[in-house]
Each structure stands twice: as structure tokens, then as C-alpha cells.
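The residues making up each chain are set out below.
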Amino acid sequence: MAQLVDDYDRESLTCFIQTHRNQPASLIQVLSHIQQTAGYLPKPVLVEVSEKLGLSLTEVYSTASFYAFFTFRPRGRHNIVLCNGTACYVKGTGAVRATLERELGIRAGDTTADRRFSLDVVRCLGCCALAPVVMVDKDVYAGVDPAKVPEILNKYQ
Amino acid sequence: MNTEELTKLRHTAREALRLREGQLPTDGFEFHVLVCGGTGCVSSGCKSVRNALVDEVTKRGLEQKVRVIETGCLGPCNLGPIVTVYPDGVFYHKVTADDAVFIVREHLEQGRVVQGLLYRSPETGQLLRTWPEIPFFRKQRRIVLRNCGLIDPLSIGEYIARDGYAALPRVLGGMTPEAVIEEVRKSGLRGRGGAGFPTGVKWDAARRAPGNPKYVVCNGDEGDPGAFMDRSVLEGDPHSVLEGMAICGYAVDAAKGYAYIRAEYPLAIENFQAAIDQARAGGLLGRNILDLGFDFDVEIRVGAGAFVCGEETALLNSIAGKRGEPRPRPPFPAQCGLFDKPTVINNVETWANIPPIITNGGDWYAAIGTEKSKGTKVFALAGKVINTGLVEVPLGTTLREVVCDIGGGVKDGKKLKAVQTGGPSGGAIPAEQIDTPIDYEALAALGSIMGSGGMIVVDEDTCMVDLARFFLEFVQDESCGKCTPCRIGTRRMYEILTRLSQGRAQKGDVDLLIELAHVIKNSALCGLGQTGPNPVLSTTANYRHEYDLHALEKKCPTGACPMRIKPAQARK
């Protein structure tokens, strides 16, 4: 689970990066680890990654910006992922999205001011038989309709 | 472990699993209670059902008699959470935690089947006791899904009991690499990722290609919205994929494999890693496998959220730590793949087919299916259909059999409009063509593709312009931006479709849309771009009147499109 922004342990990250020294092919694994522990990719850490793995900062940024899982801004404590795959779309994910955005007061892709929630829309979580699907952290909610949204949000502080 | 020890282990493991074939084993257990733990059932609450079962079994002191096992996905996701009680194979559906307690007291203690949790046949109204009797399963033939939902995916013993790791020693102990490839070629197996390239031919090319080391890659970047076959196999039967990869490693002389799995599938990654660890510990992976002198190991690479990485050259770039952008082919990965070395890359479902093909022979597999499409295919059935979930049918089965017999027909008594196969790279097959037998060629002739197996049922309330707009939004969103036709062309197509859906169409928009579609199809760099226009091509071919209605009369026949939005508002 994503932690608070300023909480990340720089030293342990440095140790982790060190284990992949001069292994440019490990870039995505390294970035994933940083994203998971720090909740985003802080610039000073990326500079360190480029130096240790033997890549230019541009190359690191080029790869990091390509993949949807990497963010350059801090994430919330809880990550809400709304599925917009075909089955969910056909079964009315749009109304769920509108309710989520209204309840949280943010748009998809953003984080609430108190960093309680981040909201993302993804293409398919692969639970098509149970559409529409919302995932909060590792919990999956099936057959979500807008009325269920407040109840789901209340479970996460 | 060597082959003798493996045989011994198989013997013991089989003994323990006899209960699931309706016989009493010698280990004292009287019941195996299987709880489906696929992601679908997890979201309908199977964890609390499992916990309730375990608690109640412990409370009543039945631990020596009852084993509770969490399995992978059995398939019928809309019936979850699912509990199956062996030796009788009694199938309970939509089980709650309270029901679970009741099952322990009634069924496990008193030997009385809980009638209220049995599945009632929608045709005859009869209560059905076991899952093979249920219409959803009747027309299925499970080869890829042979173990899914029936074994504990975290137990290598249960895989071995069901003929797992029987093909690998046979290959290592007595077959030449050429003979292995010949068997795969004879089976007629074609790539299940969607393109349908003959697997044996691909292996042969990699074997002959100069260059060392060689690599084996599993494509588990299942990004097609509406598809979850690969996830279920990785979650429910990870060893079948590992065994398939190891066999290929021997056939093409590779010592290293990578499994690329998307980060959206945490349970699949967990179970696959557990399988790797167990196989290594058991001497079925790593150095000198089964003391037969062959080295092979597999590592997981987790995807980072990019649909285009399902394209093989993009995926190989991503494994190498780079941007997941495709490159032109040839050279094909078989000649120049991962780290520029000869590489065999196959989809999860393709890999899971390999062990049974080796065990039963290529001819056995080739006897299933149609003339050019052999074997079975797994589909993820979803959308406006009564029974949703995973189904595996012999190729050549008609769409009608899948949608109506297995799927139980369209939901809420609505009329079937189309079946979308192949996701954003495929097309909508109109209801009139529902008697088409499913194979690679027949679907292509209808302007769709087999694809990886997503099958979305669309009813009369769905607007085809809106559906095409949805897919184009997806394609332009996921376009990696490397080539112009895909980056800019699909954007323009999306804009036209948006105009159509808002009642702002300009003169000639529909013709322009079709023209663009053809140009992009012919000029894009990779499969994502080349097939991206398919949803538009197939819907304009079959539902042109709907497009014209949107364009000329500014009307949406189903009311799905927000036609009344004024242009000024729409721009916001």
C-alpha cells in the first residue's frame, strides 16, 4: 500500500538501487519498487537511479513516463481504481465514475488534498463477469452502482 | 528429485486426490471442500466463506476428516462464491459465510445435501447436484482449464497427481528436440494470443536460428479489456505454464525463460512465483532438472501498465527495461528477440496446451477442432449475457452454442445484437451470423479476429457508434506514439466518432472515418495500430444505418449517445 509522501526511507531505497548497479535492464523493476515503497517517483531518487544503473536521466524519464503505473506526484493512502474495460463500460461504469469524482471532489488521475484517496481509471481489471468493478487497494468490489460508493469509501480512512 | 522420486511422489499425491474422483483414500480424509479462490470469487466474498468453513470445521473437531482447499477459478463467475464438496462433487453456488457454517453442520456432519444452495436448471427447473450437469459446463471441453478450480494451485503435489510434470520427464528422458517440435507441429496448435501463428513453426525457427543464449518468454500481459483467461490459468494452474515453457526450452535449446505478467494481476504473480519456487525446490526447474542433464529457469517480470506491451516486440523491449514500444518485423523474435537473441514468445494459454499435447500426442490434439484451427479455445464470456465467466470449447463450436447454450442467452429477455470478439482489435459479429463456427478463418472472414479470447455479448440497448467510440478511445489512449498513423490517425477517428455521438457530425464524416480506418490498417507499425480500426470497419459494414442516423438525423436509436449536448458544452 502506498505510504505518506514524506515517509519513504531514502536509505533503504539507496540500498535497493545499489543491488542493481550497472544493470540497465533492471530499470522497470527498480522503478516499480520505488513506486511501491515511496508511493511515487521522487526526482532525487530518479537521479540516483540513473547514476547507479548507468543510464542518462532522460532514459530513466523516458521509460518511467511511458508506463501508467509510474507517477511523478505523490499518491494517496488508498488507491481507488475504477475499471473502464468493455464489460464495465457496457454495464455503466460512467455513473460510478461521476459519483466517485463528486464524492471525492477530484478528477480521475488526482489525489485528494488530505491524501486519503487517489482515483484512477484503468482499462481492465479482468473481472469482466462481475462488472462494473472498483478496486480499492487490494479489495475488489463487484457490481458497483453509484449508491454503493459512499459505503465503500467509508471503509478507508 | 529424479524421475523415480517423481513417480513415487505422483503415486502418493494421487492417493490423496482419489477423494475427488469419488473414492475414499487411505489417508483418513472423508471430505475435500473446494472453495473457488479466483479473483472473481474473491470479489464476491469467498475469503469469508473459506474462513467460516475452516472455523466451523475446527470448532466441530472435524480437522482429521475434512480438508478445506482454496482453488483457482472454476469458471462460472456470476455464481460465486462457489463451494464444491467431494467425494460426491456436490456443487453449491452463491454461498455466504452463514451458508458455509450450515454446509459443515448439515452436509459434513449429517451427510445431508443442502438443497437450497444447489443450482436449479433454468430449462427444467430441476436441482442439479454436480457441476458437470450444469448447462454452463455441458458443452465445454477442458484442456487448458483441466486443473483450474479442481486443484490447489499452491500445491505442486496436486498438479503432479493430475499428470502434471509427466510430459517434461518424457521429453528430457527420451525425445530429441526435433521430435518435440514435430509433435507440437502435428498438433496444429496455433498461437492463442490472437494472431494464430503455428506454434511448432515458431519453435522450429528459433531452434534453427543462429545465436546464443536463446530465450523462452511467456506473454502474460493480458491487456485486452474484457479478457481474463490468462489470469485464471496463471492463478489456478501455474505449473502447467511452467512445464510448457521448460519443454520448449529443451526443444529450442534455451536455458532461461521470462514470464511477463501485468501488475494488475497481483494474485497471478503471487501464485506463479510460488509455483517457480516449488518447482525449483523439487528439482523440476533450475540446474540439472530431474537429473537428466538439462538446465532451465524462469523469472517473472512484472508489467507496468501499458497495453501495447502485449505486442511481442514491445514486450521484449519492456523486459529489457526500456519503453515498451514495438519495432518493425522482420526480423521476428525467433531470429532476433530478447536482448537481440533468438526467442520463442507464446501466450499463457498456448503454454498451458503444451504438456497435454506431449502426454497425449499431437494427433490426439489435432483430432479436436476444425480443419485449420485445432484444439480448444478459452473465452471470457461477459457483457449482457446470463452466465458469465470462463469457458473452454473445441474450435468449431458455434457462437450460438457459446452465447445461448453455455451463456444461457441474453440477459433480461433482451434481443441479441452482436458479439464482440478480439477486444479493441476485433469486431462486432452481428446476431445474424451467430451460427458461425468459431475458428481463426471464419472470424476473420466476418471482419473480426479470434483475438486472445474476450467475448462481449451486446444487446439491442447498445449503440454501435458508441461501442466503436469506446474502443477507439482505448486505442488512441494506449497508442505508444511511435508511428504517425496510429498516434494521429486513431485520434482523428476518435474525434469523428465523438462528433457523431454528440450530434455534431459534419458532411462526409462517416466516409472519412472509413477511409481513415483503411489507411491506418495498411500503414501502422504494429498489431495495435493495424487492428485498431477493426471495430469501426466491422460496425460500419454491418450497422451503416446507425452511423447514418447519427450523422444525418442526429439521432441515436438506442439513446446511448448524448446527442443533445450543444457543441459549446461538448468542447469543455
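Given the structure is predicted, the values throughout are model-derived calculations rather than measurements.

Analysis parameters
- Residues numbered from 1 in each chain as written.
- Chains lettered and ligands numbered in written order.
- Predicted model: local features only at pLDDT ≥ 70, side-chain atom pairs only at ≥ 80, totals over all residues.
- Heavy atoms only, no water.
- Helix = DSSP H or I, 4+ residues; strand = E, 2+ residues; numbered from the N terminus.
- Contact = heavy atoms within 4.5 Å.
- Areas by Shrake-Rupley, 256 points an atom, 1.4 Å probe, with all protein chains shown as cover.
- Lys, Arg positive; Asp, Glu negative; His and termini not counted.
- Charge placed at Lys NZ, Arg CZ, Asp CG, Glu CD.
- Domains from an automatic or database assignment.
- Salt bridge = Lys/Arg side-chain N within 4 Å of Asp/Glu carboxyl O.
- Polar contact = N/O pair within 3.5 Å; in protein donor to acceptor, adjacent residues only side chain to side chain.
- Core = buried A, V, L, I, M, F, W, Y, C linked by side-chain atoms within 4.5 Å.
- Buried < 20%, exposed > 50% of the residue type's maximum accessible area, 1.4 Å probe, protein only.
- Buried area = accessible area lost by both parts, 1.4 Å probe.
- Nonpolar A, V, L, I, M, F, W, Y, C, P; charged D, E, K, R; others polar.
- Pairing = 2+ DSSP bridges.
- Axes fitted to C-alpha atoms, helices over the stretch in contact; angles between N-to-C directions.
- Parallel < 35°, antiparallel > 145°, perpendicular 65-115°, else oblique.
- Phe/Tyr/Trp six-rings, centres within 6.5 Å; stacked < 30°, edge-to-face > 60°.
- Lys NZ or Arg CZ within 6 Å of the ring centre and 35° of its normal.
- pLDDT = per-residue confidence, 0-100.
- Expected span 1.5 Å × (residues − 1).

Caption draft 1: Spotlight on the overall build of chain A. Within chain A, the secondary structure is distributed over seven helices and four strands. Here the C-alpha coordinates of chain A stretch approximately 50 × 30 × 20 Å along the principal axes. Long-range pairs, those at least 24 residues apart, make up 66% of the contacts in chain A with a sequence separation of at least 6. Counting every atom, chain A has about 7,200 Å² of accessible surface; 51% of that belongs to carbon and sulfur. Of the side chains in chain A, 17 bear a positive and 16 a negative charge, and the two mean positions are spaced by 5 Å.

Caption draft 2: Structural view of the domain arrangement of chain B. Residues and elements named next belong to chain B. The domains assigned to chain B are domain 1 (16-138), domain 2 (156-366), domain 3 (376-459) and domain 4 (464-570). Spacing between the C-alpha centres of domain 2 and domain 3 amounts to 27 Å. Run the count over domain 2 and domain 3 and you get two salt bridges. Ionic pairing is found between Glu441 and Arg190, a salt bridge with its closest N-O pair at 3.3 Å. One can count seven residue pairs in polar contact (both at pLDDT 80 or more) joining domain 2 with domain 3.

Caption draft 3: Molecular detail of the nonpolar core. Residue and element names in this part refer to chain B. By size, the foremost hydrophobic cluster in this structure holds 88 residues, and its most contacted members are Tyr165, Trp203, Phe272 and Trp351. For this core, the leading source of residues is helix 11 (residues 238-252), giving nine residues. Counting residues in hydrophobic clusters, the runner-up holds 64 residues, among them Leu34, Val85, Trp131 and Val385.

Caption draft 4: Broad picture of the interface of chain A and chain B. With 30 residues of chain A at the contact, the number on the chain B side is 49 residues. Together, the buried faces of chain A and chain B total about 3,200 Å²; carbon and sulfur atoms form 63% of this surface. Together, Phe66, Thr86 and Arg123 of chain A form the three largest contributors to the area buried by chain A at its contact with chain B, with a combined 22%. Sorting the residues of the side of chain A that touches chain B by element identifies helix 2 (27-38), helix 4 (57-66) and helix 5 (86-90) of chain A as the ones contributing at least two each. Per-class residue counts for the side of chain A that touches chain B are 20 nonpolar, eight polar and two charged.

Caption draft 5: Structural view of the pairing of strand 11 (residues 376-383) of chain B. Residue and element names in this part refer to chain B. When you tally the buried positions in strand 11, you get eight out of eight residues, the bulk of the element. With six bridges connecting them, strand 11 and strand 12 (residues 389-394) associate as antiparallel partners. Looking at strand 12, one finds that Phe379 is bridged to Val391. Turn length for the strand 11-strand 12 hairpin, with the two strands adjacent in sequence and antiparallel, is five residues. Bridge count for strand 11 against strand 15 (residues 454-459) is four bridges, and the pairing is parallel. For Leu381, the partnering residue across the bridge sits in strand 15 and is Met455.

Caption draft 6: Structural context of the packing of helix 10 (residues 229-236) of chain B against helix 14 (residues 348-360) of chain B. All names here are of chain B. Where helix 10 contacts helix 14, the two axes come as close as 9 Å, and the packing angle between them is 50°. What the angle tells us is that helix 10 and helix 14 run oblique. Between helix 10 and helix 14, the residues in contact are Met229, Asp230, Val233 and Leu234 and Val348, Glu349 and Ala352, respectively. Grouping the constituent residues of the contact of helix 10 with helix 14 by class yields five nonpolar, no polar and two charged.

Caption draft 7: Broad picture of the packing of aromatic side chains. Evaluated as defined, the whole model comprises 15 aromatic pairs over all chains. Ring centres 6.2 Å apart and planes at 80° place the aromatic pair Tyr67 of chain A and Phe70 of chain A in the edge-to-face group. Comparing Tyr67 of chain A with Phe70 of chain A, the two get one shared label, buried. On the numbers, 5.2 Å between centres and 85° between planes, the contact of Phe136 of chain B with Phe137 of chain B is edge-to-face. Here the two residues Phe136 of chain B and Phe137 of chain B agree in accessibility, since each one is buried. By way of ring pairs, the aromatic residues Phe66, Tyr67 and Phe70 of chain A are connected into one cluster. The ring of Tyr440 of chain B is capped by Arg190 of chain B, whose NZ or CZ atom sits 4.2 Å from the centre of that ring. Directly above the ring of Tyr265 of chain B sits Arg231 of chain B, whose terminal nitrogen or CZ lies 5.7 Å from the centroid.

Caption draft 8: How the structure looks around the confidence of the model for chain A. All names here are of chain A. With 96% of its residues at a pLDDT of at least 70, chain A reaches an overall mean of 89. Across chain A, the element-wise mean pLDDT spans from 86 in helix 5 up to 96 in helix 3 (residues 43-53). A low-confidence stretch, residues 1-5 stays under pLDDT 50, and its non-local contacts, those more than four residues away or across chains, total 17 contacts.

Caption draft 9: Examining the side chain of Asn353 of chain B more closely. Relative to the assigned elements, Asn353 of chain B resides in helix 14. In contact with Asn353 of chain B, not counting residues within four places along its chain, are Ile143, Val144, Leu189, Arg192 and Tyr365 of chain B.

Caption draft 10: The sheet that holds strand 12 of chain B, seen in detail. Residues and elements named next belong to chain B. Judged by pairing direction, the sheet is mixed, and its five strands sit side by side in the order 12-11-15-13-14 without closing on themselves. If you trace the sheet from one side to the other, it starts and ends with strand 12 and strand 14 (427-430), each paired once. Across the sheet, the axes of successive neighbouring strands diverge by a mean angle of 30°, strand direction being ignored. The sheet strands contacting helix 10 are strand 11, strand 12 and strand 15, and the helix crosses strand 11 at an angle near 115°.

Caption draft 11: How the structure looks around the domain arrangement of chain A. Domain assignment breaks chain A into domain 1 (5-66) and domain 2 (78-154). For domain 1 of chain A and domain 2 of chain A, the distance between their C-alpha centroids amounts to 29 Å.

Caption draft 12: A look at the packing of helix 20 (residues 509-523) of chain B against helix 23 (residues 544-552) of chain B. All names here are of chain B. At a minimum axis separation of 9 Å, helix 20 and helix 23 run at an interaxial angle of 130°. Put simply, helix 20 runs oblique to helix 23. Of helix 23, the residues touching helix 20 (which contributes Val510, Asp511, Leu513 and Ile514) are Arg544, Tyr547, Asp548 and Ala551.

Caption draft 13: Representation of helix 12 (residues 266-281) of chain B within the structure. Residue and element names in this part refer to chain B. Its 16 residues place the ends of helix 12 23 Å apart at the C-alpha level, agreeing with the 22 Å of an ideal helix rising 1.5 Å per residue. Against helix 6 (156-161), helix 10, helix 11, strand 8 (256-261) and strand 9 (297-302) lie the buried residues of helix 12. Phi turns positive one or two residues past the end of helix 12, at Gly283, with a value near 75°.

Caption draft 14: Up close: the sheet that holds strand 1 (residues 31-36) of chain B. All names here are of chain B. Read from one edge to the other, the open sheet built from four strands follows the order 2-1-3-4, with strand pairing classed as mixed. A single partner strand is all that each edge strand has here, and the edge strands are strand 2 (66-71) and strand 4 (90-92). Between one strand axis and the next, the sheet turns by 20° as a mean value, whatever way the strands run. Note: strand 3 (residues 83-86) against strand 4, three bridges, orientation antiparallel.

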